[in-house]
Amino acid sequence: MATSEELHKRRVEAVARGVGSTIPAYVDRAGGGTITDVDGREWIDFAAGIAVTNVGNSAPRVVEAVRAQVERFTHTCFMVAPYESYVAVCEQLNALTPGGFEKRSALFNSGAEAVENAVKIARHATGRPAVVVFDHAYHGRTNLTMALTAKNMPYKHRFGPFAGEVYRVPMSYPLRDGGLDGATAAARSIEMIEKQVGAENVAALLIEPIQGEGGFVVPAEGFLPALREWATAAGVVFVADEIQTGFCRTGDWFACAYEGVEPDLITLAKGIAGGLPLAAVTGRAELMDAVHVGGLGGTYGGNPIACAAALAAMETMRELDLAAAARRIGAVMGERLRAIAAGDPRVAEVRGRGAMLAVEIVVPGTLTPDPAATAAISAACHAAGLLTLTCGTYGNVLRFLPPLVISDDELGRGLDILEAAFG
Ligand SMILES: *Cc1c(COP(=O)(O)O)cnc(C)c1O
(Lines give C-alpha, C1' and ligand atoms only; values in the text may rest on other atoms or scores of the structure.)
Protein backbone atom coordinates (compact mmCIF):
# COMPACT_ATOMS: atom_id res chain seq x y z
CA MET A 1 0.00 0.00 0.00
CA ALA A 2 1.20 3.54 -0.73
CA THR A 3 2.36 5.55 2.28
CA SER A 4 0.70 8.78 3.41
CA GLU A 5 3.72 10.68 2.13
CA GLU A 6 3.49 9.07 -1.32
CA LEU A 7 -0.23 9.72 -1.48
CA HIS A 8 0.31 13.31 -0.50
CA LYS A 9 2.73 13.81 -3.40
CA ARG A 10 0.15 12.35 -5.80
CA ARG A 11 -2.55 14.51 -4.27
CA VAL A 12 -0.66 17.74 -4.85
CA GLU A 13 -0.38 16.84 -8.55
CA ALA A 14 -3.99 15.72 -8.90
CA VAL A 15 -6.29 17.49 -6.43
CA ALA A 16 -7.14 21.18 -6.59
CA ARG A 17 -5.24 23.20 -4.01
CA GLY A 18 -8.43 24.89 -2.81
CA VAL A 19 -9.53 21.64 -1.15
CA GLY A 20 -7.66 21.46 2.16
CA SER A 21 -7.23 18.69 4.78
CA THR A 22 -6.74 18.94 8.52
CA ILE A 23 -4.10 16.21 8.72
CA PRO A 24 -1.71 15.08 5.95
CA ALA A 25 -2.42 11.41 6.71
CA TYR A 26 -4.41 9.18 4.35
CA VAL A 27 -7.05 6.98 5.91
CA ASP A 28 -6.95 3.23 5.70
CA ARG A 29 -9.82 2.47 8.07
CA ALA A 30 -11.91 4.04 10.81
CA GLY A 31 -14.37 2.83 13.40
CA GLY A 32 -15.48 3.36 16.99
CA GLY A 33 -13.48 6.35 18.14
CA THR A 34 -10.37 5.98 15.99
CA ILE A 35 -8.98 6.61 12.51
CA THR A 36 -5.98 4.63 11.23
CA ASP A 37 -3.86 5.83 8.32
CA VAL A 38 -2.16 3.77 5.61
CA ASP A 39 1.10 3.79 7.63
CA GLY A 40 -0.68 2.26 10.63
CA ARG A 41 -0.75 5.48 12.70
CA GLU A 42 -3.84 5.89 14.83
CA TRP A 43 -5.73 9.03 15.80
CA ILE A 44 -8.44 9.27 18.40
CA ASP A 45 -11.30 10.89 16.55
CA PHE A 46 -12.70 14.10 18.06
CA ALA A 47 -13.98 15.23 14.66
CA ALA A 48 -16.38 12.52 13.43
CA GLY A 49 -15.90 13.81 9.88
CA ILE A 50 -17.33 17.16 11.10
CA ALA A 51 -20.22 15.82 13.19
CA VAL A 52 -21.22 13.24 10.57
CA THR A 53 -20.36 9.81 11.94
CA ASN A 54 -22.41 10.15 15.12
CA VAL A 55 -23.13 6.40 14.93
CA GLY A 56 -19.45 5.73 14.21
CA ASN A 57 -17.69 4.81 11.00
CA SER A 58 -18.97 1.68 9.27
CA ALA A 59 -21.62 1.18 11.95
CA PRO A 60 -22.81 -2.44 11.67
CA ARG A 61 -26.47 -1.67 10.86
CA VAL A 62 -25.45 0.94 8.29
CA VAL A 63 -23.01 -1.45 6.57
CA GLU A 64 -25.67 -4.17 6.43
CA ALA A 65 -28.39 -1.84 5.09
CA VAL A 66 -26.10 -0.35 2.45
CA ARG A 67 -24.93 -3.80 1.31
CA ALA A 68 -28.50 -5.05 0.97
CA GLN A 69 -29.62 -1.93 -0.90
CA VAL A 70 -26.67 -1.96 -3.33
CA GLU A 71 -27.67 -5.46 -4.37
CA ARG A 72 -31.32 -4.51 -4.98
CA PHE A 73 -30.84 -1.24 -6.92
CA THR A 74 -28.49 1.74 -6.70
CA HIS A 75 -30.46 4.57 -8.31
CA THR A 76 -33.70 5.14 -10.15
CA CYS A 77 -34.16 8.83 -9.25
CA PHE A 78 -37.08 9.40 -6.89
CA MET A 79 -38.51 11.93 -9.36
CA VAL A 80 -38.64 9.21 -12.04
CA ALA A 81 -39.42 5.95 -10.23
CA PRO A 82 -39.97 6.29 -6.46
CA TYR A 83 -39.15 3.76 -3.72
CA GLU A 84 -40.14 3.04 -0.12
CA SER A 85 -36.96 4.04 1.76
CA TYR A 86 -37.30 7.71 0.72
CA VAL A 87 -40.84 7.77 2.10
CA ALA A 88 -39.73 5.97 5.27
CA VAL A 89 -36.94 8.49 5.92
CA CYS A 90 -39.44 11.35 5.52
CA GLU A 91 -41.91 9.64 7.87
CA GLN A 92 -39.21 9.28 10.51
CA LEU A 93 -37.95 12.85 10.18
CA ASN A 94 -41.51 14.16 10.44
CA ALA A 95 -41.99 12.18 13.64
CA LEU A 96 -38.59 12.87 15.25
CA THR A 97 -38.22 16.63 14.69
CA PRO A 98 -39.65 19.11 17.22
CA GLY A 99 -43.22 20.31 16.62
CA GLY A 100 -46.47 18.43 17.14
CA PHE A 101 -47.96 19.68 13.86
CA GLU A 102 -48.41 17.95 10.51
CA LYS A 103 -45.10 17.85 8.61
CA ARG A 104 -43.61 16.98 5.24
CA SER A 105 -39.99 16.37 4.21
CA ALA A 106 -37.91 16.53 1.03
CA LEU A 107 -34.48 14.95 0.59
CA PHE A 108 -31.32 16.37 -0.96
CA ASN A 109 -27.57 15.62 -1.13
CA SER A 110 -25.79 18.16 1.03
CA GLY A 111 -26.40 20.61 3.82
CA ALA A 112 -26.00 23.61 1.53
CA GLU A 113 -28.60 22.18 -0.81
CA ALA A 114 -31.02 21.68 2.09
CA VAL A 115 -30.52 25.30 3.19
CA GLU A 116 -31.08 26.56 -0.38
CA ASN A 117 -34.29 24.58 -0.58
CA ALA A 118 -35.54 25.82 2.79
CA VAL A 119 -35.10 29.36 1.47
CA LYS A 120 -36.87 28.46 -1.78
CA ILE A 121 -39.79 27.00 0.18
CA ALA A 122 -40.04 29.94 2.60
CA ARG A 123 -39.96 32.48 -0.24
CA HIS A 124 -42.49 30.57 -2.28
CA ALA A 125 -44.87 30.07 0.64
CA THR A 126 -44.70 33.68 1.88
CA GLY A 127 -44.21 35.55 -1.38
CA ARG A 128 -41.55 37.61 0.41
CA PRO A 129 -37.90 38.06 -0.66
CA ALA A 130 -35.67 38.68 2.39
CA VAL A 131 -33.70 36.18 4.47
CA VAL A 132 -32.32 37.16 7.87
CA VAL A 133 -29.16 35.46 9.16
CA PHE A 134 -26.79 36.07 12.06
CA ASP A 135 -23.22 37.14 12.74
CA HIS A 136 -20.86 34.12 12.79
CA ALA A 137 -23.38 32.00 10.87
CA TYR A 138 -22.30 29.16 8.61
CA HIS A 139 -24.77 27.73 6.11
CA GLY A 140 -22.61 26.36 3.27
CA ARG A 141 -20.49 27.13 0.21
CA THR A 142 -22.89 27.42 -2.75
CA ASN A 143 -23.68 30.90 -4.04
CA LEU A 144 -26.77 31.50 -1.92
CA THR A 145 -25.32 29.80 1.14
CA MET A 146 -22.05 31.77 0.86
CA ALA A 147 -24.24 34.87 1.06
CA LEU A 148 -25.86 33.40 4.19
CA THR A 149 -22.47 32.50 5.72
CA ALA A 150 -20.74 35.25 7.71
CA LYS A 151 -17.01 34.58 7.42
CA ASN A 152 -14.97 35.82 4.47
CA MET A 153 -11.81 33.67 4.71
CA PRO A 154 -11.80 30.95 3.56
CA TYR A 155 -15.44 30.56 2.54
CA LYS A 156 -16.27 33.67 0.49
CA HIS A 157 -13.03 35.42 -0.44
CA ARG A 158 -13.13 36.45 -4.13
CA PHE A 159 -16.09 34.13 -4.83
CA GLY A 160 -18.69 36.89 -5.17
CA PRO A 161 -20.89 38.54 -6.23
CA PHE A 162 -23.30 36.86 -3.87
CA ALA A 163 -27.06 36.33 -3.89
CA GLY A 164 -29.10 39.32 -2.76
CA GLU A 165 -31.83 39.91 -0.18
CA VAL A 166 -29.72 38.49 2.66
CA TYR A 167 -29.57 40.57 5.86
CA ARG A 168 -27.28 39.91 8.83
CA VAL A 169 -28.08 40.81 12.43
CA PRO A 170 -26.22 40.33 15.73
CA MET A 171 -26.07 36.91 17.36
CA SER A 172 -26.36 36.33 21.09
CA TYR A 173 -22.73 35.58 22.02
CA PRO A 174 -22.52 35.89 25.80
CA LEU A 175 -18.69 35.95 25.99
CA ARG A 176 -18.48 38.81 23.49
CA ASP A 177 -21.67 40.83 23.92
CA GLY A 178 -21.18 41.72 27.57
CA GLY A 179 -23.40 38.85 28.65
CA LEU A 180 -26.64 40.30 27.29
CA ASP A 181 -29.55 38.14 28.39
CA GLY A 182 -31.39 36.28 25.65
CA ALA A 183 -34.46 38.52 25.54
CA THR A 184 -32.37 41.70 25.31
CA ALA A 185 -30.10 40.23 22.62
CA ALA A 186 -33.18 39.13 20.64
CA ALA A 187 -34.78 42.57 20.97
CA ARG A 188 -31.60 44.12 19.56
CA SER A 189 -31.67 41.80 16.52
CA ILE A 190 -35.42 42.23 16.00
CA GLU A 191 -35.17 46.02 16.09
CA MET A 192 -32.51 45.88 13.40
CA ILE A 193 -34.69 43.63 11.22
CA GLU A 194 -37.71 45.89 11.63
CA LYS A 195 -35.77 49.10 10.97
CA GLN A 196 -33.50 47.91 8.16
CA VAL A 197 -35.54 45.26 6.35
CA GLY A 198 -39.16 45.50 7.48
CA ALA A 199 -40.81 42.41 8.92
CA GLU A 200 -43.32 42.22 6.07
CA ASN A 201 -40.44 41.73 3.60
CA VAL A 202 -38.88 38.83 5.48
CA ALA A 203 -39.54 35.31 4.19
CA ALA A 204 -37.27 33.48 6.62
CA LEU A 205 -35.19 33.87 9.73
CA LEU A 206 -32.44 31.26 9.52
CA ILE A 207 -30.43 30.30 12.60
CA GLU A 208 -28.21 27.53 13.95
CA PRO A 209 -29.47 26.78 17.50
CA ILE A 210 -25.81 26.33 18.45
CA GLN A 211 -23.46 27.75 15.82
CA GLY A 212 -21.04 25.29 14.24
CA GLU A 213 -18.23 26.68 12.08
CA GLY A 214 -18.84 30.11 13.65
CA GLY A 215 -17.38 28.95 16.97
CA PHE A 216 -19.87 26.73 18.82
CA VAL A 217 -21.58 29.89 20.00
CA VAL A 218 -24.42 29.02 22.37
CA PRO A 219 -26.96 31.84 22.51
CA ALA A 220 -28.10 33.06 25.92
CA GLU A 221 -31.17 31.28 27.23
CA GLY A 222 -34.33 32.92 25.91
CA PHE A 223 -32.77 34.18 22.66
CA LEU A 224 -34.18 31.44 20.42
CA PRO A 225 -37.66 31.43 22.05
CA ALA A 226 -37.90 35.24 21.68
CA LEU A 227 -36.99 35.04 17.98
CA ARG A 228 -39.46 32.18 17.54
CA GLU A 229 -42.21 34.24 19.11
CA TRP A 230 -41.41 37.28 16.97
CA ALA A 231 -41.33 35.19 13.77
CA THR A 232 -44.77 33.75 14.52
CA ALA A 233 -46.24 37.21 15.08
CA ALA A 234 -44.55 38.63 11.96
CA GLY A 235 -45.51 35.77 9.63
CA VAL A 236 -41.81 34.96 9.15
CA VAL A 237 -40.75 31.35 8.58
CA PHE A 238 -38.44 30.30 11.43
CA VAL A 239 -35.80 27.96 9.95
CA ALA A 240 -33.49 26.07 12.31
CA ASP A 241 -30.28 24.93 10.63
CA GLU A 242 -29.57 21.76 12.62
CA ILE A 243 -27.12 20.37 10.10
CA GLN A 244 -24.33 20.25 12.70
CA THR A 245 -26.40 20.03 15.91
CA GLY A 246 -28.84 17.33 14.79
CA PHE A 247 -29.10 13.59 15.34
CA CYS A 248 -28.30 13.28 19.04
CA ARG A 249 -25.14 15.41 18.93
CA THR A 250 -26.19 17.84 21.68
CA GLY A 251 -27.85 15.26 23.92
CA ASP A 252 -31.28 15.59 22.29
CA TRP A 253 -32.32 14.37 18.86
CA PHE A 254 -32.30 18.06 17.86
CA ALA A 255 -30.86 21.08 19.70
CA CYS A 256 -34.07 23.16 19.39
CA ALA A 257 -35.76 20.79 21.83
CA TYR A 258 -33.57 22.10 24.68
CA GLU A 259 -35.62 25.30 24.96
CA GLY A 260 -38.80 23.83 23.52
CA VAL A 261 -38.45 25.79 20.26
CA GLU A 262 -40.50 24.40 17.36
CA PRO A 263 -39.07 25.57 14.02
CA ASP A 264 -41.36 25.94 10.99
CA LEU A 265 -38.65 24.34 8.86
CA ILE A 266 -35.54 22.46 9.90
CA THR A 267 -32.52 21.70 7.71
CA LEU A 268 -30.68 18.42 8.30
CA ALA A 269 -27.62 16.67 6.88
CA LYS A 270 -24.28 15.62 8.43
CA GLY A 271 -25.27 13.07 11.13
CA ILE A 272 -28.33 11.82 9.26
CA ALA A 273 -26.94 8.75 7.47
CA GLY A 274 -23.79 7.43 9.17
CA GLY A 275 -21.50 9.03 6.58
CA LEU A 276 -23.47 8.68 3.38
CA PRO A 277 -24.43 11.92 1.65
CA LEU A 278 -28.02 12.82 2.46
CA ALA A 279 -29.80 16.01 3.53
CA ALA A 280 -33.37 17.03 4.27
CA VAL A 281 -35.77 19.86 4.81
CA THR A 282 -38.54 18.95 7.25
CA GLY A 283 -41.33 21.27 8.30
CA ARG A 284 -44.91 22.42 8.45
CA ALA A 285 -47.05 20.66 5.87
CA GLU A 286 -48.69 23.90 4.69
CA LEU A 287 -45.29 25.46 3.90
CA MET A 288 -43.71 22.38 2.37
CA ASP A 289 -46.80 21.60 0.29
CA ALA A 290 -47.15 25.20 -0.93
CA VAL A 291 -44.62 24.49 -3.68
CA HIS A 292 -46.00 23.28 -7.04
CA VAL A 293 -45.34 19.68 -8.17
CA GLY A 294 -41.88 19.49 -9.72
CA GLY A 295 -40.64 22.61 -7.91
CA LEU A 296 -38.35 20.65 -5.59
CA GLY A 297 -35.96 17.82 -6.34
CA GLY A 298 -32.65 16.85 -7.91
CA THR A 299 -31.14 13.83 -9.64
CA TYR A 300 -29.59 12.20 -6.58
CA GLY A 301 -31.65 13.69 -3.75
CA GLY A 302 -32.73 10.87 -1.45
CA ASN A 303 -30.56 8.28 -3.20
CA PRO A 304 -31.72 4.79 -2.14
CA ILE A 305 -28.36 3.77 -0.67
CA ALA A 306 -28.22 6.95 1.41
CA CYS A 307 -31.84 6.43 2.52
CA ALA A 308 -31.10 2.84 3.58
CA ALA A 309 -28.11 4.14 5.54
CA ALA A 310 -30.22 6.87 7.18
CA LEU A 311 -32.86 4.37 8.32
CA ALA A 312 -30.13 2.18 9.79
CA ALA A 313 -28.36 5.15 11.41
CA MET A 314 -31.58 6.39 13.05
CA GLU A 315 -32.31 2.85 14.26
CA THR A 316 -28.81 2.73 15.76
CA MET A 317 -29.38 6.07 17.52
CA ARG A 318 -32.55 4.67 19.08
CA GLU A 319 -31.12 1.26 19.90
CA LEU A 320 -27.95 2.61 21.55
CA ASP A 321 -29.69 5.73 22.94
CA LEU A 322 -27.04 7.98 21.47
CA ALA A 323 -28.71 11.11 22.86
CA ALA A 324 -27.92 9.76 26.34
CA ALA A 325 -24.44 8.82 25.13
CA ALA A 326 -23.90 12.42 23.99
CA ARG A 327 -24.93 13.70 27.43
CA ARG A 328 -22.51 11.26 29.09
CA ILE A 329 -19.66 12.27 26.77
CA GLY A 330 -20.50 15.91 27.46
CA ALA A 331 -20.33 15.38 31.23
CA VAL A 332 -16.93 13.65 31.08
CA MET A 333 -15.45 16.01 28.50
CA GLY A 334 -16.91 19.13 30.14
CA GLU A 335 -15.35 18.29 33.49
CA ARG A 336 -11.91 17.77 31.95
CA LEU A 337 -12.19 20.94 29.83
CA ARG A 338 -13.20 23.02 32.84
CA ALA A 339 -10.19 21.65 34.74
CA ILE A 340 -7.92 22.64 31.83
CA ALA A 341 -9.55 26.09 31.75
CA ALA A 342 -9.06 26.58 35.49
CA GLY A 343 -5.31 26.14 35.06
CA ASP A 344 -4.83 27.99 31.77
CA PRO A 345 -5.64 31.70 31.41
CA ARG A 346 -5.71 31.35 27.61
CA VAL A 347 -9.08 29.58 27.88
CA ALA A 348 -11.75 32.28 27.97
CA GLU A 349 -14.68 29.91 27.98
CA VAL A 350 -15.75 26.27 27.80
CA ARG A 351 -19.09 26.01 26.03
CA GLY A 352 -21.43 23.80 24.04
CA ARG A 353 -23.85 21.03 24.87
CA GLY A 354 -23.66 17.26 24.92
CA ALA A 355 -20.91 15.94 22.64
CA MET A 356 -20.56 19.34 20.94
CA LEU A 357 -18.11 21.21 23.16
CA ALA A 358 -15.45 23.83 22.52
CA VAL A 359 -12.94 26.10 24.21
CA GLU A 360 -12.28 29.67 23.07
CA ILE A 361 -8.63 30.73 23.22
CA VAL A 362 -7.61 34.34 23.94
CA VAL A 363 -4.60 36.40 24.98
CA PRO A 364 -4.63 35.98 28.80
CA GLY A 365 -6.40 38.73 30.66
CA THR A 366 -8.15 40.02 27.50
CA LEU A 367 -10.84 38.92 25.06
CA THR A 368 -8.41 39.28 22.15
CA PRO A 369 -8.66 36.08 20.07
CA ASP A 370 -5.43 34.08 19.79
CA PRO A 371 -5.66 32.00 16.60
CA ALA A 372 -1.89 31.25 16.68
CA ALA A 373 -2.10 29.63 20.13
CA THR A 374 -5.21 27.76 18.97
CA ALA A 375 -3.39 26.41 15.93
CA ALA A 376 -0.39 25.42 18.06
CA ILE A 377 -2.53 23.47 20.55
CA SER A 378 -4.35 21.82 17.67
CA ALA A 379 -1.06 20.86 15.97
CA ALA A 380 0.22 19.38 19.26
CA CYS A 381 -2.93 17.25 19.44
CA HIS A 382 -2.50 16.02 15.87
CA ALA A 383 1.17 15.16 16.47
CA ALA A 384 0.24 13.19 19.61
CA GLY A 385 -2.56 11.20 17.97
CA LEU A 386 -5.74 13.19 18.60
CA LEU A 387 -7.78 14.56 15.70
CA THR A 388 -9.32 17.91 16.70
CA LEU A 389 -10.82 20.73 14.64
CA THR A 390 -10.71 24.48 15.03
CA CYS A 391 -13.49 26.93 14.16
CA GLY A 392 -14.76 30.41 14.94
CA THR A 393 -14.88 33.73 13.13
CA TYR A 394 -11.48 34.53 14.69
CA GLY A 395 -10.07 30.99 14.25
CA ASN A 396 -9.57 30.76 18.01
CA VAL A 397 -11.97 27.98 18.99
CA LEU A 398 -11.00 24.34 19.47
CA ARG A 399 -14.04 22.14 18.98
CA PHE A 400 -14.66 18.57 20.01
CA LEU A 401 -17.10 16.33 18.17
CA PRO A 402 -16.35 12.68 18.97
CA PRO A 403 -18.47 9.92 17.45
CA LEU A 404 -21.23 9.16 19.97
CA VAL A 405 -20.08 5.52 20.09
CA ILE A 406 -16.56 6.41 21.28
CA SER A 407 -15.49 4.13 24.15
CA ASP A 408 -14.76 5.50 27.63
CA ASP A 409 -11.14 4.42 27.17
CA GLU A 410 -10.75 6.23 23.85
CA LEU A 411 -12.46 9.34 25.21
CA GLY A 412 -10.19 9.34 28.26
CA ARG A 413 -7.04 8.85 26.17
CA GLY A 414 -8.12 11.66 23.85
CA LEU A 415 -8.66 14.01 26.78
CA ASP A 416 -5.23 13.05 28.20
CA ILE A 417 -3.62 14.06 24.89
CA LEU A 418 -5.63 17.29 24.87
CA GLU A 419 -4.58 18.13 28.41
CA ALA A 420 -0.93 17.51 27.54
CA ALA A 421 -1.27 19.70 24.42
CA PHE A 422 -2.26 22.61 26.64
CA GLY A 423 1.05 21.99 28.46
C1 LIG B 1 -21.85 21.83 7.40
C2 LIG B 1 -22.97 22.78 7.53
C3 LIG B 1 -23.70 23.23 6.42
C4 LIG B 1 -23.34 22.82 5.01
O5 LIG B 1 -23.44 21.44 4.82
P6 LIG B 1 -22.71 20.75 3.56
O7 LIG B 1 -23.18 19.34 3.60
O8 LIG B 1 -21.23 20.90 3.80
O9 LIG B 1 -23.15 21.49 2.36
C10 LIG B 1 -24.75 24.08 6.63
N11 LIG B 1 -25.10 24.49 7.87
C12 LIG B 1 -24.42 24.08 8.96
C13 LIG B 1 -24.86 24.53 10.32
C14 LIG B 1 -23.33 23.23 8.84
O15 LIG B 1 -22.64 22.85 9.92
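The name given to the protein chain in an unreviewed UniProt entry is (S)-3-amino-2-methylpropionate transaminase, with the source organism recorded as Micromonospora echinospora. Quoted verbatim from the Cofactor (unreviewed entry) field of UniProt, the annotation for the protein chain is "pyridoxal 5'-phosphate". As its UniProt record puts it under Pathway (unreviewed entry), the protein chain is described as follows: "Amino-acid degradation; 4-aminobutanoate degradation."

(A) Structural context of the overall build of the protein chain. Secondary structure summary: the protein chain contains 13 helices and 15 strands in total. Against the globule reference of 22 Å for 423 residues, the protein chain gives a C-alpha radius of gyration of 21 Å, in line with a compact fold. Its C-alpha atoms put the protein chain at 60 × 55 × 45 Å along the principal axes. Here the protein chain holds 423 residues, and 54% of them are scored as buried. Taking as baseline every contact in the protein chain between residues at least 6 positions apart, the subset at least 24 positions apart corresponds to 73%. Of the accessible surface of the protein chain, which amounts to about 17400 Å², a share of 54% is contributed by carbon and sulfur atoms.

(B) Here's a closer look at the pattern of salt bridges. The full count for this structure, using the stated rule, is 18 salt bridges. Between Glu360 and Arg176 there is a salt bridge, with the nearest N and O atoms lying 2.6 Å from each other. On the criterion of sequence distance, the pair formed by Glu360 in strand 12 (residues 356-361) and Arg176 in the loop between strand 6 (166-169) and helix 7 (182-196) is long-range, its members being 184 residues apart. Residue Arg176 is classed as partly exposed on the basis of its relative accessible area, which comes to 25%. Through salt bridges with shared partners, one network takes in Arg176, Glu349, Arg351 and Glu360.

(C) Focus on the domain arrangement of the protein chain. By domain assignment, the protein chain separates into domain 1 (4-58 + 321-422) and domain 2 (62-320). The straight-line distance from the C-alpha centre of domain 1 to that of domain 2 is 25 Å. The partner domain 2 presents 37 residues to the 42 residues of domain 1 that form the contact. Summing both sides of the interface, domain 1 and domain 2 together bury roughly 3100 Å²; the carbon and sulfur share of this comes to 59%. When the buried surface of domain 1 facing domain 2 is broken down by residue, Val55, Arg353 and Met356 rank first, second and third, together holding 25% of it. In this structure, the connection of domain 1 to domain 2 is made through two salt bridges. Linking Glu213 and Arg399 is a salt bridge whose minimum nitrogen-to-oxygen distance equals 2.8 Å. At the boundary of domain 1 and domain 2, one finds 20 residue pairs in polar contact (both at pLDDT 80 or more). Broken down by secondary-structure element, the contributors of at least two residues to the side of domain 1 that touches domain 2 are helix 2 (48-51), helix 11 (322-342), strand 11 (347-353), strand 12 and strand 15 (397-400). If you tally residues by element for the side of domain 1 that touches domain 2, the top one is strand 11, at five residues. Among the residues forming the side of domain 1 that touches domain 2, the class breakdown is 25 nonpolar, 10 polar and seven charged.

(D) Representation of the packing of aromatic side chains in the model. Scanning the entire structure with this criterion turns up nine aromatic pairs. Ring centres of Phe134 and Phe223 lie 6.0 Å apart, and the angle between their planes is 75°; this geometry places the pair in the edge-to-face category. With Phe134 in strand 5 (residues 130-134) and Phe223 in helix 8 (residues 223-234), the pair connects residues that are 89 residues apart, well separated along the chain. The same class applies to Phe134 as to Phe223, namely buried. Members of the aromatic cluster, each reached through a chain of ring pairs, are Phe73, Phe78, Tyr83 and Tyr86. The ring of Phe162 has Lys156 lying over it, and the distance from NZ or CZ to the ring centre is 5.2 Å. The ring centre of Tyr258 lies 3.6 Å from the NZ or CZ of Arg353, which sits over that ring.

(E) Quick look at the sheet that holds strand 7 (residues 202-207). If you trace the seven strands from one edge of the open sheet to the other, you get 4-10-9-8-7-5-6, paired in mixed fashion. Unpaired on one side and paired on the other, strand 4 (103-108) and strand 6 mark the two borders of the sheet. Ignoring which end each strand starts from, the neighbouring axes of this sheet average 20° apart. Two elements, strand 9 (residues 265-268) and strand 10 (residues 279-284), share four bridges in a ladder whose sense is antiparallel.

(F) Layout of the side chain of Glu410. The residue Glu410 is located in helix 13 (residues 408-422) in this model. Sequence-distant contacts of Glu410, that is, excluding residues within four places in its chain, are made with Gly32, Gly33, Thr34 and Ile44.

(G) Structural context of the sheet that holds strand 12. What the four strands build is an open sheet, ordered 11-12-15-14; its pairing is antiparallel. Edge positions in the open sheet fall to strand 11 and strand 14 (389-391), since each of these has one partner strand only. Neighbouring strand axes in the sheet, compared pairwise and without regard to direction, differ in orientation by 25° on average. Judged from the six bridges that link them, strand 11 and strand 12 form a sheet pairing that is antiparallel. Paired with Val347 across the bridge in strand 12 is Ile361. Along the sheet, helix 11 makes contact with strand 11, strand 12 and strand 15, crossing strand 12 at roughly 10°. Sitting on the sheet, helix 12 (residues 371-384) is in contact with strand 12, strand 14 and strand 15, with an inclination near 35° to strand 15.

(H) Up close: the site of the ligand. Close to the ligand lie Ser110, Gly111, Ala112, Tyr138, His139, Glu208, Asp241, Ile243, Gln244 and Lys270. One of the backbone nitrogen or oxygen atoms of Gly111 is found 2.7 Å away from an oxygen atom of the ligand. Alone, the ligand offers 380 Å² of accessible surface; in the complex the protein occludes 82% of this. Of the residues contributing to the shell around the ligand, the split by class is three nonpolar, four polar and three charged.

(I) Inspection of the environment of Phe247 at higher detail. Positionally, Phe247 belongs in the loop between strand 8 (237-241) and strand 9. Counting along the chain gives 26 residues from Phe247 to Ala273, while the straight-line C-alpha distance between them is 9.5 Å. Those residues within four positions of Phe247 in sequence are excluded, and the remaining contacts are Asn54, Leu93, Trp253, Phe254, Leu268, Ala269, Gly271, Ile272, Met314, Met317 and Leu404.

Thresholds, definitions, all that
Residues numbered from 1 in each chain as written. Predicted model: local features only at pLDDT ≥ 70, side-chain atom pairs only at ≥ 80, totals over all residues. Heavy atoms only, no water. UniProt positions renumbered as here; feature names shortened; annotations may be inferred. Helix = DSSP H or I, 4+ residues; strand = E, 2+ residues; numbered from the N terminus. Rg over C-alpha atoms; globule rule 2.2 N^0.38 Å. Buried < 20%, exposed > 50% of the residue type's maximum accessible area, 1.4 Å probe, protein only. Contact = heavy atoms within 4.5 Å. Areas by Shrake-Rupley, 256 points an atom, 1.4 Å probe, with all protein chains shown as cover. Salt bridge = Lys/Arg side-chain N within 4 Å of Asp/Glu carboxyl O. Domains from an automatic or database assignment. Buried area = accessible area lost by both parts, 1.4 Å probe. Polar contact = N/O pair within 3.5 Å; in protein donor to acceptor, adjacent residues only side chain to side chain. Nonpolar A, V, L, I, M, F, W, Y, C, P; charged D, E, K, R; others polar. Phe/Tyr/Trp six-rings, centres within 6.5 Å; stacked < 30°, edge-to-face > 60°. Lys NZ or Arg CZ within 6 Å of the ring centre and 35° of its normal. Pairing = 2+ DSSP bridges. Axes fitted to C-alpha atoms, helices over the stretch in contact; angles between N-to-C directions. Near = heavy atom within 4 Å.

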